[in-house]
Amino acid sequence: MATIARARPRAFQQWNRQLALAYTSQVRRASTTVEPFRLAIIGSGPAGFYTAYRFMKNNEHAKVDMYESLPVPYGLVRFGVAPDHAEVKNCREKFEEVAASPNFTFIGNVTVGASSDHPDGATVPLSSILRHYHAVVFSYGSSEDRKLGIPGEELKGVFSAREFVGWYNGLPEYADLNPDLSLGAHGDTLIIGNGNVAMDVARILLKSPEELAKTDIAAHALDALSKSKTHNIRIIGRRGPIQAAFTTKELRALYKLPGVEVRPYELEHPTAYDVLPPPIKRRTELLSKGSSLPPNPSNPYPSVTFEFCLSPLEFDHKPEQPSSTPPNWVTSATFGKTVLQNPNQHHSSTDYETNNHRAYYNQKATARLPPQPKTVTFNTRYVFKSIGYKSTPLPEFSPLGIPFNTSTGVIPNDGIGRVLTKLHRPHQLPSSSHPAHHQPHIELPHHFKGLYCSGWVKRGPQGVIAETMMDAFTTADAITEDLTKREKFLPEGEWGQDGKGWEAVKAEALKGNSNARVVSWEDWKAIDRAEIERGQKAGTGKEREKFVRREDMLAVLGDEGR
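Residues numbered from 1 in each chain as written. Predicted model: local features only at pLDDT ≥ 70, side-chain atom pairs only at ≥ 80, totals over all residues. Heavy atoms only, no water.

The name given to the protein chain in an unreviewed UniProt entry is NADPH:adrenodoxin oxidoreductase, mitochondrial, and the organism recorded there is Podospora bellae-mahoneyi. You can read under Cofactor (unreviewed entry) in the UniProt record for the protein chain the words "FAD". Turning to the protein chain, the UniProt record has this under Subcellular location (unreviewed entry): "Mitochondrion". (UniProt positions renumbered as here; feature names shortened; annotations may be inferred.)

(A) Geometry of the packing of helix α3 (residues 46-58) against helix α5 (residues 92-99). One can describe the packing of α3 onto α5 by two numbers: an axis separation of 10 Å at closest approach and a directional angle of 50 degrees. Considering the angle they form, α3 stands oblique to α5. Between α3 and α5 the crossing geometry is left-handed. When α3 is examined against α5, the residues P46, F49, Y50, A52, Y53 and M56 are found in contact with a partner set consisting of K94, F95, E97 and V98. Its residues assigned to classes, the contact of α3 with α5 shows eight nonpolar, no polar and two charged. (Axes fitted to C-alpha atoms, helices over the stretch in contact; angles between N-to-C directions. Helix = DSSP H or I, 4+ residues; strand = E, 2+ residues; numbered from the N terminus. Parallel < 35°, antiparallel > 145°, perpendicular 65-115°, else oblique. Left-handed = near helix turned anticlockwise from the far one by under 90°. Contact = heavy atoms within 4.5 Å. Nonpolar A, V, L, I, M, F, W, Y, C, P; charged D, E, K, R; others polar.)

(B) Region of the structure containing the nonpolar core. F104 and F306 are the most contacted members of the largest nonpolar core, which totals 115 residues. Here the element with the most residues in this core is helix α8 (residues 196-206); it accounts for seven residues. Leaving out residues up to four positions away in the same chain, F104 has contacts with F49, A52, M56, V64, M66, V98 and A99. The next biggest cluster of nonpolar side chains, apart from the first, holds 30 residues, and it includes I42, I129, L400 and V419. (Core = buried A, V, L, I, M, F, W, Y, C linked by side-chain atoms within 4.5 Å. Buried < 20%, exposed > 50% of the residue type's maximum accessible area, 1.4 Å probe, protein only.)

(C) Representation of the confidence of the model for the protein chain. Residues with a pLDDT of 70 or more make up 83% of the protein chain, whose mean pLDDT is 85. Note on residues 1-33: pLDDT under 50 across the span, and 58 contacts to partners over four residues away in sequence or across chains. Segment residues 424-437 is flagged for pLDDT under 50; beyond a separation of four residues in sequence, or across chains, it makes 19 contacts in the model. (pLDDT = per-residue confidence, 0-100.)

(D) Spotlight on the pairing of strand β9 (residues 188-192). With five of five residues buried, β9 is to be regarded as a mostly interior element. Alternating residues of β9 divide into D188, L190 and I192 and T189 and I191, and every residue in both groups is buried. Inspection of the sheet shows β9 paired to strand β17 (residues 375-385) by five bridges, in the parallel sense. Opposite I192, over in β17, you have K385 as the bridge partner. In the sheet, β9 pairs with strand β10 (residues 232-236) via four bridges, with the strands oriented parallel. Paired with L190 across the two strands is R234, which belongs to β10. (Pairing = 2+ DSSP bridges.)

Okay, structure coming up:
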């Protein structure tokens with residue numbers, strides 16, 4: 001990306017100059033224009049669809065085109081929600097309502113910026129999209145995992161939750177992950193992180209194959225999980241039980257697993273228990289009780305144990321017997337005991353025990369490792385890192401001057417959804433002390449006119465779908481507000497919008513590309529019907545049998561419509 005930035009084409013430089021200037025034209029309200037207001041949304045997950053829904057509801061004449069790199073829509077709803085949480089996927093009905101509008105166009109199997117990773121995929125430049133729309137919303141989610149940055153992280157048997165969840169949900173990117181789950185009897189299965197995704201991973205690993213067979217879990221995952229030897233799971237958090245990120249609902253789902261023991265967690269400072277807010281108190285009460293299963297010493301139950309205030313230090317490969325574990329496979333994990341501290345507490349404080357006690361019941365307490373922490377080592381064959389996802393910039397962001405914060409993985413924005421860039425202005429100081437040509441410059445936040453964002457690329461990978469919906473509504477309302485106030489959008493002219501939308505982008509970017517297979521909403525419905533039919537043939541009450549490879553999805557469509 002740095003190379004692209006250094007060798008900017010002259011056309012891109014002209015584009016940047018236009019965007020830095022005060023814009024010379026305004027877009028009239030959609031209801032009064034001859035040409036309808038055209039909005040491009042990049043990403044077809046819940047953030048994209050909810051943005052489209054809200055915006056179209058408030059601007060009935062507007063046209064919305066949605067770009068998706070895969071042939072199938074719904075993003076996180078299809079590839080992130082656990083297969084046994086079918087009720088969470090009911091939002092698809094609202095998305096179907098959006099797609100039924102004649103003012104909505106789904107553009108699937110089309111990658112924006114980066115080259116498609118499939119020979120039948122299409123690629124369109126972001127610059128082309130910017131030329132043909134009044135505004136663009138980035139809602140493409142998170143595509144990378146956060147790293148622990150510790151020794152042994154690349155050993156076999158160490159998985160990210162993102163790739164494992166994608167694998168059992170049929171994400172084409174991870175169709176070939178093929179984890180060998182037969183080694184679970186040789187040690188505990190460790191899940192690092194204690195959010196709802198961690199709870200999903202634990203539940204899917206322990207749920208019976210008979211129950212999973214009724215869900216839309218990918219066939220290859222069901223086959224591997226039916227051979228799993230996973231018996232004991234430890235869910236490990238860096239902070240304490242009060243600061244845990246999982247919800248009471250997800251904790252209860254673990255308790256409902258037949259024949260699985262959720263071991264009680266004993267609070268370290270029970271005297272302060274009553275200070276907790278009611279929702280956290282209920283969750284903590286449930287956590288401290290554990291499940292109530294009758295003793296069974298001759299055949300111990302599969303179990304879930306919660307561990308808190310532990311930070312991973314190292315993964316190692318030291319098999320006790322050479323034949324018991326494949327080469328370069330993780331066999332142990334060492335953790336350091338962390339201490340909690342209040343957010344406003346000075347980091348140089350060394351009275352760790354007192355500080356830990358004071359911060360234990362503070363929901364916003366942070367954790368850190370002391371200089372010489374106590375350590376604990378677990379024997380393991382599987383480690384799942386559920387420590388968060390991260391968005392990445394589209395390849396053309398840098399040459400087009402679109403900002404991106406690589407450390408946080410978000411597009412800088414005003415918290416409402418307007419993309420912010422920096423406007424350089426001279427800082428006005430008395431001329432006697434600073435001659436005009438020596439006056440320092442300051443950087444002021446400035447709305448990048450016509451660009452918006454929603455979902456995880458806007459606020460980071462957090463929250464449930466209901467929170468994503470409200471976030472998307474906020475972005476859509478910001479666009480409507482800007483329309484109402486007659487704010488400026490993408491600039492008109494040689495490098496500005498002409499409002500012609502997808503048809504103009506297609507003519508410009510895909511001319512001569514006969515291999516590109518663009519998937520329409522009608523095409524997706526054909527894939528959808530084929531998956532449902534496959535599920536019915538399974539005979540287990542399965543809702544659908546997903547296609548997990550792009551070529552199989554496209555094969556349903558044949559050559560018609562190329």
